[in-house]
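Summary of the model geometry
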Amino acid sequence: SIFANKEPERTLALISMLMLSCSKEFISIDPVSTVTTDLVYKTDKDFQDALTNTYAVFQTVYSDMWQIGDLRGDDTKSGLVSNLTASEMDKFILNSDAGIVSNAWRNYYIIINRANYILAKIANADVAVVTKKDRYIGETKFLRALAYFNLVRIFGDVPMVVTVLSIDESYKVPREK
(Lines give C-alpha, C1' and ligand atoms only; values in the text may rest on other atoms or scores of the structure.)
Protein backbone atom coordinates (compact mmCIF):
# COMPACT_ATOMS: atom_id res chain seq x y z
CA SER A 1 0.00 0.00 0.00
CA ILE A 2 1.06 3.61 -0.59
CA PHE A 3 0.46 4.72 3.02
CA ALA A 4 2.35 1.86 4.66
CA ASN A 5 5.70 3.60 4.37
CA LYS A 6 4.41 7.02 5.50
CA GLU A 7 2.52 5.92 8.64
CA PRO A 8 5.47 6.37 11.08
CA GLU A 9 6.17 9.80 9.60
CA ARG A 10 2.55 10.87 10.03
CA THR A 11 2.46 9.62 13.62
CA LEU A 12 5.69 11.44 14.45
CA ALA A 13 4.40 14.63 12.83
CA LEU A 14 1.11 14.42 14.76
CA ILE A 15 2.88 13.87 18.09
CA SER A 16 5.25 16.78 17.39
CA MET A 17 2.37 19.11 16.57
CA LEU A 18 0.51 18.14 19.74
CA MET A 19 3.56 18.66 21.94
CA LEU A 20 4.40 22.03 20.43
CA SER A 21 0.83 23.29 20.57
CA CYS A 22 0.64 23.08 24.39
CA SER A 23 1.76 26.01 26.48
CA LYS A 24 1.82 26.83 30.17
CA GLU A 25 -0.83 29.51 29.71
CA PHE A 26 -3.21 26.90 28.38
CA ILE A 27 -2.65 24.61 31.36
CA SER A 28 -2.91 27.30 34.04
CA ILE A 29 -6.22 28.85 32.99
CA ASP A 30 -8.58 29.21 35.96
CA PRO A 31 -11.95 27.51 35.57
CA VAL A 32 -14.78 29.89 34.75
CA SER A 33 -16.89 28.46 37.57
CA THR A 34 -14.24 29.19 40.24
CA VAL A 35 -15.23 31.83 42.77
CA THR A 36 -12.94 33.08 45.51
CA THR A 37 -14.32 33.22 49.03
CA ASP A 38 -13.70 36.96 49.10
CA LEU A 39 -16.48 37.37 46.54
CA VAL A 40 -18.91 34.97 48.21
CA TYR A 41 -19.28 36.27 51.77
CA LYS A 42 -20.91 39.62 51.03
CA THR A 43 -24.70 39.41 51.40
CA ASP A 44 -27.20 38.17 53.95
CA LYS A 45 -27.98 35.21 51.72
CA ASP A 46 -24.30 34.29 51.42
CA PHE A 47 -24.00 33.93 55.19
CA GLN A 48 -27.31 32.10 55.41
CA ASP A 49 -26.12 29.61 52.79
CA ALA A 50 -22.79 29.15 54.58
CA LEU A 51 -24.58 28.51 57.86
CA THR A 52 -26.96 26.04 56.21
CA ASN A 53 -23.93 24.26 54.78
CA THR A 54 -22.49 24.01 58.29
CA TYR A 55 -25.75 22.56 59.63
CA ALA A 56 -25.67 19.97 56.84
CA VAL A 57 -22.58 18.26 58.24
CA PHE A 58 -24.49 17.53 61.46
CA GLN A 59 -26.73 15.18 59.48
CA THR A 60 -23.69 13.05 58.77
CA VAL A 61 -22.27 13.05 62.29
CA TYR A 62 -25.59 12.35 63.96
CA SER A 63 -26.32 9.40 61.68
CA ASP A 64 -23.56 7.51 63.54
CA MET A 65 -24.12 9.04 66.97
CA TRP A 66 -26.35 6.17 68.10
CA GLN A 67 -23.37 3.82 67.76
CA ILE A 68 -20.98 6.16 69.52
CA GLY A 69 -23.38 7.12 72.31
CA ASP A 70 -26.39 4.82 72.67
CA LEU A 71 -24.67 1.56 71.78
CA ARG A 72 -21.82 2.15 74.18
CA GLY A 73 -24.24 3.33 76.86
CA ASP A 74 -26.31 0.12 76.72
CA ASP A 75 -29.37 1.91 75.35
CA THR A 76 -29.26 -0.53 72.45
CA LYS A 77 -27.62 -3.89 71.73
CA SER A 78 -25.24 -4.86 68.98
CA GLY A 79 -27.08 -8.18 68.60
CA LEU A 80 -29.79 -6.25 66.84
CA VAL A 81 -27.27 -5.06 64.28
CA SER A 82 -25.28 -7.23 61.88
CA ASN A 83 -22.57 -4.60 61.62
CA LEU A 84 -19.03 -5.55 62.71
CA THR A 85 -18.21 -1.95 63.63
CA ALA A 86 -21.28 -1.75 65.87
CA SER A 87 -20.36 -5.04 67.51
CA GLU A 88 -16.81 -3.84 68.16
CA MET A 89 -18.14 -0.51 69.42
CA ASP A 90 -20.47 -2.30 71.84
CA LYS A 91 -17.61 -4.40 73.20
CA PHE A 92 -15.24 -1.40 73.46
CA ILE A 93 -12.71 -3.11 71.16
CA LEU A 94 -13.01 -0.76 68.18
CA ASN A 95 -9.68 0.30 66.69
CA SER A 96 -8.88 3.99 66.63
CA ASP A 97 -8.45 3.84 62.85
CA ALA A 98 -12.02 2.61 62.28
CA GLY A 99 -14.02 4.62 59.77
CA ILE A 100 -16.67 5.70 62.27
CA VAL A 101 -14.00 7.19 64.54
CA SER A 102 -12.04 9.01 61.83
CA ASN A 103 -15.25 10.22 60.18
CA ALA A 104 -16.54 11.64 63.46
CA TRP A 105 -13.25 13.47 64.08
CA ARG A 106 -13.03 14.79 60.52
CA ASN A 107 -16.66 15.88 60.26
CA TYR A 108 -16.71 17.71 63.58
CA TYR A 109 -13.60 19.61 62.55
CA ILE A 110 -15.21 20.39 59.21
CA ILE A 111 -18.05 21.99 61.18
CA ILE A 112 -15.57 23.90 63.33
CA ASN A 113 -13.58 25.06 60.30
CA ARG A 114 -16.71 26.27 58.53
CA ALA A 115 -17.87 28.06 61.65
CA ASN A 116 -14.50 29.74 62.10
CA TYR A 117 -14.53 30.82 58.49
CA ILE A 118 -18.02 32.31 58.79
CA LEU A 119 -17.05 34.17 61.95
CA ALA A 120 -13.90 35.53 60.32
CA LYS A 121 -15.79 36.75 57.26
CA ILE A 122 -18.80 38.16 59.10
CA ALA A 123 -16.67 40.26 61.47
CA ASN A 124 -16.18 42.93 58.78
CA ALA A 125 -19.60 42.54 57.16
CA ASP A 126 -21.71 45.67 56.82
CA VAL A 127 -24.83 45.51 59.02
CA ALA A 128 -26.79 47.35 56.34
CA VAL A 129 -26.11 44.51 53.88
CA VAL A 130 -26.03 41.58 56.32
CA THR A 131 -29.11 42.48 58.32
CA LYS A 132 -29.08 39.28 60.41
CA LYS A 133 -25.41 39.56 61.35
CA ASP A 134 -25.94 39.03 65.11
CA ARG A 135 -28.16 36.01 64.49
CA TYR A 136 -25.58 34.40 62.20
CA ILE A 137 -22.81 35.03 64.71
CA GLY A 138 -24.90 33.48 67.51
CA GLU A 139 -25.91 30.42 65.49
CA THR A 140 -22.38 29.90 64.22
CA LYS A 141 -20.87 30.08 67.70
CA PHE A 142 -23.53 27.66 68.95
CA LEU A 143 -22.77 25.15 66.20
CA ARG A 144 -19.06 25.37 66.92
CA ALA A 145 -19.70 24.88 70.64
CA LEU A 146 -21.98 21.90 69.93
CA ALA A 147 -19.28 20.34 67.76
CA TYR A 148 -16.73 20.76 70.57
CA PHE A 149 -19.20 19.39 73.13
CA ASN A 150 -19.63 16.22 71.09
CA LEU A 151 -15.90 15.93 70.35
CA VAL A 152 -15.08 16.10 74.05
CA ARG A 153 -17.76 13.51 74.84
CA ILE A 154 -16.31 11.14 72.25
CA PHE A 155 -12.55 11.79 72.43
CA GLY A 156 -11.82 13.62 75.68
CA ASP A 157 -9.28 16.41 75.34
CA VAL A 158 -9.24 17.78 71.78
CA PRO A 159 -7.44 20.62 69.98
CA MET A 160 -9.45 23.82 70.30
CA VAL A 161 -9.37 25.93 67.16
CA VAL A 162 -11.26 29.23 67.17
CA THR A 163 -9.67 30.91 64.15
CA VAL A 164 -9.13 29.95 60.53
CA LEU A 165 -5.87 27.99 60.27
CA SER A 166 -3.75 26.77 57.42
CA ILE A 167 -3.06 23.05 57.20
CA ASP A 168 0.49 23.55 58.51
CA GLU A 169 -0.77 25.61 61.45
CA SER A 170 -3.39 23.02 62.33
CA TYR A 171 -0.71 20.38 62.96
CA LYS A 172 0.76 22.54 65.72
CA VAL A 173 -2.41 22.94 67.80
CA PRO A 174 -2.20 20.80 70.97
CA ARG A 175 -5.08 19.14 72.80
CA GLU A 176 -6.73 21.36 75.39
CA LYS A 177 -7.38 20.19 78.91
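Going by the structure above, here's the rest.
Here we summarise the structure given alongside this text. Being a predicted model, the structure only gives us computed values, none of them experimental. (Residues numbered from 1 in each chain as written. Predicted model: local features only at pLDDT ≥ 70, side-chain atom pairs only at ≥ 80, totals over all residues. Heavy atoms only, no water.)

Things to note about the nonpolar core
The test is simple: Side-chain atoms within 4.5 Å link the members of a nonpolar core, which is a set of buried Ala, Val, Leu, Ile, Met, Phe, Trp, Tyr and Cys residues. Burial classes: relative accessible area under 20% of the type maximum marks a residue as buried, over 50% as exposed, and values in between as partly exposed (1.4 Å probe, protein chains only). Numbering of helices and strands runs from the N terminus, with a helix taken as a DSSP run of H or I at least four residues long and a strand as a DSSP run of E at least two residues long. Any two residues whose heavy atoms approach within 4.5 Å are treated as being in contact.
Core analysis: the largest hydrophobic core is formed by 31 residues, its most contacted members being Phe 47, Phe 58, Tyr 108, Ile 111, Tyr 148 and Leu 151. No other element matches the nine residues that helix H7 (residues 99–122) contributes to this core. Residues within four places of Phe 47 in sequence aside, it is in contact with Tyr 41, Lys 42, Ile 118, Lys 121, Ile 122, Ala 125, Val 130 and Tyr 136.

A short note on helix H4 (residues 44–63)
As a reminder of what qualifies: Helices are assigned an expected span. That span is 1.5 Å times one less than the residue count.
In this model H4 runs 30 Å from its N-terminal to its C-terminal C-alpha over 20 residues, within 8% of the 28 Å that 1.5 Å per residue would give. Taken as a whole, H4 has its buried residues at Asp 44, Asp 46, Phe 47, Ala 50, Leu 51, Thr 54, Val 57, Phe 58 and Val 61.

Description of empty space enclosed by the protein
Applied cut-off: Using protein atoms alone on a 1 Å grid, points that fit a 1.4 Å probe yet trap it form a cavity, whereas open point sets bounded by protein on both sides within 12 Å along at least five of seven lines form a pocket; residues with an atom within 4 Å of a point count as lining. Grid points are joined across faces, edges and corners, and a volume is the space filled by probe spheres set on the points. Nonpolar residues are Ala, Val, Leu, Ile, Met, Phe, Trp, Tyr, Cys and Pro. Charged residues are Asp, Glu, Lys and Arg, and all others, Gly as well, are polar.
Applying the stated criterion to the full structure yields one cavity of 30 Å³ or more. By volume, the largest cavity is sized at about 50 Å³. Every element with two or more residues in the lining of the largest cavity is listed here: H4, helix H5 (65–71) and H7. Split into classes, the residues belonging to the lining of the largest cavity amount to six nonpolar, three polar and one charged.

Focus: the packing of aromatic side chains
Applied cut-off: Any two rings among Phe, Tyr and Trp, with Trp reduced to its six-membered ring, count as a pair given centres within 6.5 Å; such a pair is stacked if its planes are under 30 degrees apart, edge-to-face if over 60, and tilted if neither.
By the definition in use, this model includes six aromatic pairs. Three or more aromatic residues joined by ring pairs form one cluster here, namely Trp 105, Tyr 109, Tyr 148 and Phe 155.

Here's the deal with the packing of H4 against H7
Basically, it comes down to this: In this analysis, axes come from line fits to C-alpha atoms, helices being fitted only over the stretch in contact, and the angle between any two N-to-C directions falls in the range 0 to 180 degrees. For this classification, under 35 degrees means roughly parallel, over 145 means roughly antiparallel, 65 to 115 means roughly perpendicular, and everything else is oblique. Crossing handedness is read from the near helix: turned anticlockwise from the far helix by less than a right angle, it gives a left-handed crossing, and turned clockwise, a right-handed one.
Across the interface, H4 lies against H7 with an axial gap of 9 Å and an inter-helix angle of 165 degrees. By the angle between their directions, the pair H4 and H7 is classed as roughly antiparallel. Crossing geometry of H4 relative to H7 is assigned as left-handed. Touching Phe 47, Ala 50, Leu 51, Asn 53, Thr 54, Val 57, Phe 58, Thr 60, Val 61 and Tyr 62 of H4 are Asn 107, Tyr 108, Ile 110, Ile 111, Arg 114, Ile 118, Lys 121 and Ile 122, all from H7. By residue class, the composition of the contact of H4 with H7 is twelve nonpolar, four polar and two charged.

Here we look at the pattern of salt bridges
Put simply, the rule reads: What makes a salt bridge here is a side-chain nitrogen of Lys or Arg within 4 Å of a carboxyl oxygen of Asp or Glu, nothing more.
Counting across every chain of the model gives two salt bridges. Residues Lys 45 and Asp 49 are paired through a salt bridge, measuring 2.9 Å at the closest nitrogen-oxygen approach. Taken together, the positions of Lys 45 and Asp 49, both in helix H4 and four residues apart, correspond to about one turn of that helix. Glu 139 serves as the salt-bridge partner of Arg 135, at 2.7 Å between the closest nitrogen and oxygen. Placement of the pair is Arg 135 and Glu 139 together in helix H8 (residues 133–155), with a separation of four residues, close to one helical turn. For Glu 139, a relative accessible area of 18% corresponds to the buried category.

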